[in-house]
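Fold and geometry: a report
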Amino acid sequence: MKEVYKGGLENQGFQEGADHLGVEGRIVAVRKHKRTMFCDVYNGLTRTQIVFEDLNDNEPPNIKAGDFVQCVGNFRATNSGQKSLFVEEFRLLFRPENYEREDFGLRELLVSRAKAKEIIRSSFLQYGLTEVDSRVMSPYAGTANIVPFSTRSARGDDFYLRFTMELELKKYLCRTQLPVFEIGKLFRNLGTSNRRETEFTAVEAYIPYMNLEEGVDLVSDILQKTGQQFFVNFSSIQQREILELLGFRIAEGTDFLGLEQRERYNKEVKKMREPTFLLHQPADWASPFTKTNPDGTACDAKFVYAGAGTIVHLNEESEDYRRVLSRLLSQFETVKRERPEAQLDIGFLEELKKGLPPCLGIFISFDRLMMTLLGKRSIKEVMPEKIVL
């Protein structure tokens, strides 16, 4: 066999009339016209038409859709003007037991997710962040009101699948002072819905010396870039105060943080169809690590759009170790009563003592972002692992 080119012949820059060129790939279409057979060969990137001429009616090539083939020939145009490879040498590599046409919907989804990840990744890298990996299994069950998935090693040690990257990334930040981010899987045993799955992809970043306003600008830029790629307009994102949305004002001795108010907030968010940053939720609704404003609100923002829920969450992180520890212990005692296996990550507390710089945390629910970019109503529709069972 002559040298076989992996890409499409036109993409390789070959001119009409070039001889002894080859392609290999999978036959995805077969068409016969009189004594000529036309086949489309697809190699995962490009599609090339190959042509068999002057066929004997009694002995046509043994070719079927789904076959993996290798062929060499002359590259020129057909009578209709389509550039094709006229086959001189042909070899059947193998034939699968059960051929099904490629799932082009799944292909498009995989490519779309890769493009969106690359935009997010390149934006963070251009800003000076370092991409890192952190452990997926932890010996600590955590203190949040989330029941983690658990597993046990061959030695009998219990481990828990992470439901956040926050603690591990902050450990890196405390030790190195580097701005860091990670793209990976999280696992939350909270049931499923059209916006929620137990396993999902997320992006988390922690950037020293960035405030909330700067973070909103950075996230807006990332959203605009991803939106342009998928023809979604994020050029104008409105901002609204959460308390104004609910019609509340914080006052000493006023209790407005009950279940009724949370449900009202969730209903209002579901109604929103325009891209919006919701600013400054009540501090008691926020993470123990979030910095609190003088008016009793959290220094945070949530990006919501098209009824997909919270797509991005930003918050200024509190560097006050004693305050964080106090709030974390209070949360731990509350959760411990309902979830006895809850544990504090002692390693995280030790790293926090070394000094967490003033920083901004960014959490992106990547699958919800893909819902909005692709116009899907269910999170399952943008998760390849839910399509290929």
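Refer to the structure printed above.
Before going into details, it helps to say that this report is about the structure given with it.

1. A few points about unusual backbone geometry
- Phi at glutamine 177 takes a positive value of approximately 65°, unusual for a residue other than glycine.
- Secondary-structure assignment places glutamine 177 in the loop between α2 (166–176) and β10 (180–187).
- A positive phi angle is found at alanine 306, which is not glycine, with a value near 55°.
- Along the chain, alanine 306 falls in the loop between β14 (300–304) and β15 (310–317).

2. A look at the environment of proline 282
- For proline 282, the location among the structural elements is in the loop between β13 (276–279) and β14.
- Residue classification places proline 282 among the buried residues on the basis of a relative accessible area of 1%.
- Placed 95 residues apart in sequence, proline 282 and phenylalanine 187 show a C-alpha to C-alpha distance of 26 Å.

3. Quick look at the pattern of salt bridges
- The tally for this structure, following the rule as stated, stands at 26 salt bridges.
- For arginine 47, the salt bridge is made with aspartate 40, and the minimal N-O distance between the two is 3.4 Å.
- Accessibility expressed as a relative area gives 11% for aspartate 40, which makes it buried.
- Notably, a salt bridge pairs glutamate 197 with lysine 386, separated by 3.2 Å at the nearest N-O pair. Of this pair, glutamate 197 sits in the loop between β10 and β11 (199–208) while lysine 386 sits in helix α9 (residues 384–387), and the two are 189 residues apart along the sequence.
- By relative accessible area, lysine 386 is classed as partly exposed at 33%.
- A single salt-bridge network, built from bridges that share partners, covers Arg135, Glu168, Lys171 and Asp345.

4. Some remarks on the environment of phenylalanine 234
- Take phenylalanine 234: it is sitting in the loop between α3 (212–229) and β12 (238–241).
- Phenylalanine 234 gets classed as buried once you look at its relative accessible area, which sits at 1%.
- Considered as a pair, phenylalanine 234 and valine 28 are 206 residues apart in the sequence and their alpha carbons are 38 Å apart.
- Look past the residues within four positions of phenylalanine 234 in its chain and what remains in contact with it is Leu223, Gln224, Gly227, Pro275, Phe303, Tyr305, Thr372 and Leu373.

5. Here's the deal with the packing of helix α6 (residues 321–338) against helix α7 (residues 346–353)
- Where α6 contacts α7, the axes come no closer than 10 Å and their chain directions differ by 160°. Put simply, α6 runs roughly antiparallel to α7. Seen along the crossing, α6 lies across α7 with a hand that is right-handed. Across the interface between the two elements, Tyr321, Val324, Leu325 and Leu328 of α6 pack against Leu349, Leu352 and Lys353 of α7.
- Grouping the constituent residues of the contact of α6 with α7 by class yields six nonpolar, no polar and one charged.

6. So, the layout of surface pockets
- One number sums up the size of the second largest pocket: a volume of about 290 Å³.
- In terms of lining residues, the second largest pocket is bounded by 13 residues, among which Arg273, Ala306, Gly307, Ala308 and Arg377 are the most central.
- When grouped by side-chain class, the residues that make up the lining of the second largest pocket number four nonpolar, four polar and five charged.

7. Brief notes about α6
- A rise of 1.5 Å per residue sets the reference length of α6, with its 18 residues, at 26 Å; its end C-alpha atoms lie 26 Å apart and thus fit the reference within 8%.
- Within the span of α6, buried status applies to Val324, Leu328, Phe332 and Val335. Summarising the axial view, the buried residues of α6 lie within an arc of 75°, below the 170-degree limit, and thus occupy one face. Across α6 from its buried face, at more than 90 degrees, point the exposed residues Arg322 and Arg337.
- A distance of 3.3 Å separates the backbone nitrogen of arginine 322 from a side-chain oxygen at the start of α6, and that oxygen is part of aspartate 320.

8. Section: the packing of helix α1 (residues 104–126) against α3
- Packing of α1 against α3 leaves a shortest axis separation of 10 Å and a crossing angle of 145°. Read as a crossing pair, α1 and α3 show a hand that is right-handed. Residues Lys115, Ala116, Ile119, Ile120, Ser123, Phe124 and Gln126 of α1 lie in contact with α3, whose contacting residues are Leu218, Ile222, Lys225, Thr226 and Gln229.
- Counted by class, the contact of α1 with α3 contains six nonpolar, four polar and two charged residues.

9. Focus on the sheet that holds strand β6 (residues 130–131)
- Taken in spatial order, the eight strands make up an open sheet running β6-β10-β11-β16-β15-β14-β13-β12, and their pairing is mixed. Whereas interior strands pair on both sides, the edge strands pair on one side only; in this sheet they are β6 and β12.
- In terms of strand pairing, β14 meets β15 through five bridges, oriented antiparallel. Residue pairing across strands places lysine 302 opposite histidine 313, the latter belonging to β15.
- Where α2 meets the sheet, its contacts fall on β10, β11, β15 and β16 (359–365), and the angle it forms with β11 comes to roughly 25°.

Rules used in this analysis
- Residues numbered from 1 in each chain as written.
- Predicted model: local features only at pLDDT ≥ 70, side-chain atom pairs only at ≥ 80, totals over all residues.
- Heavy atoms only, no water.
- Helix = DSSP H or I, 4+ residues; strand = E, 2+ residues; numbered from the N terminus.
- Buried < 20%, exposed > 50% of the residue type's maximum accessible area, 1.4 Å probe, protein only.
- Salt bridge = Lys/Arg side-chain N within 4 Å of Asp/Glu carboxyl O.
- Contact = heavy atoms within 4.5 Å.
- Axes fitted to C-alpha atoms, helices over the stretch in contact; angles between N-to-C directions.
- Parallel < 35°, antiparallel > 145°, perpendicular 65-115°, else oblique.
- Left-handed = near helix turned anticlockwise from the far one by under 90°.
- Nonpolar A, V, L, I, M, F, W, Y, C, P; charged D, E, K, R; others polar.
- 1 Å grid on protein atoms, 1.4 Å probe; cavity = no way out; pocket = protein on both sides within 12 Å on 5 of 7 lines; lining within 4 Å.
- Points joined across faces, edges and corners; volume = space filled by probe spheres on them.
- Expected span 1.5 Å × (residues − 1).
- Arc of directions from axis to C-beta.
- Polar contact = N/O pair within 3.5 Å; in protein donor to acceptor, adjacent residues only side chain to side chain.
- Pairing = 2+ DSSP bridges.

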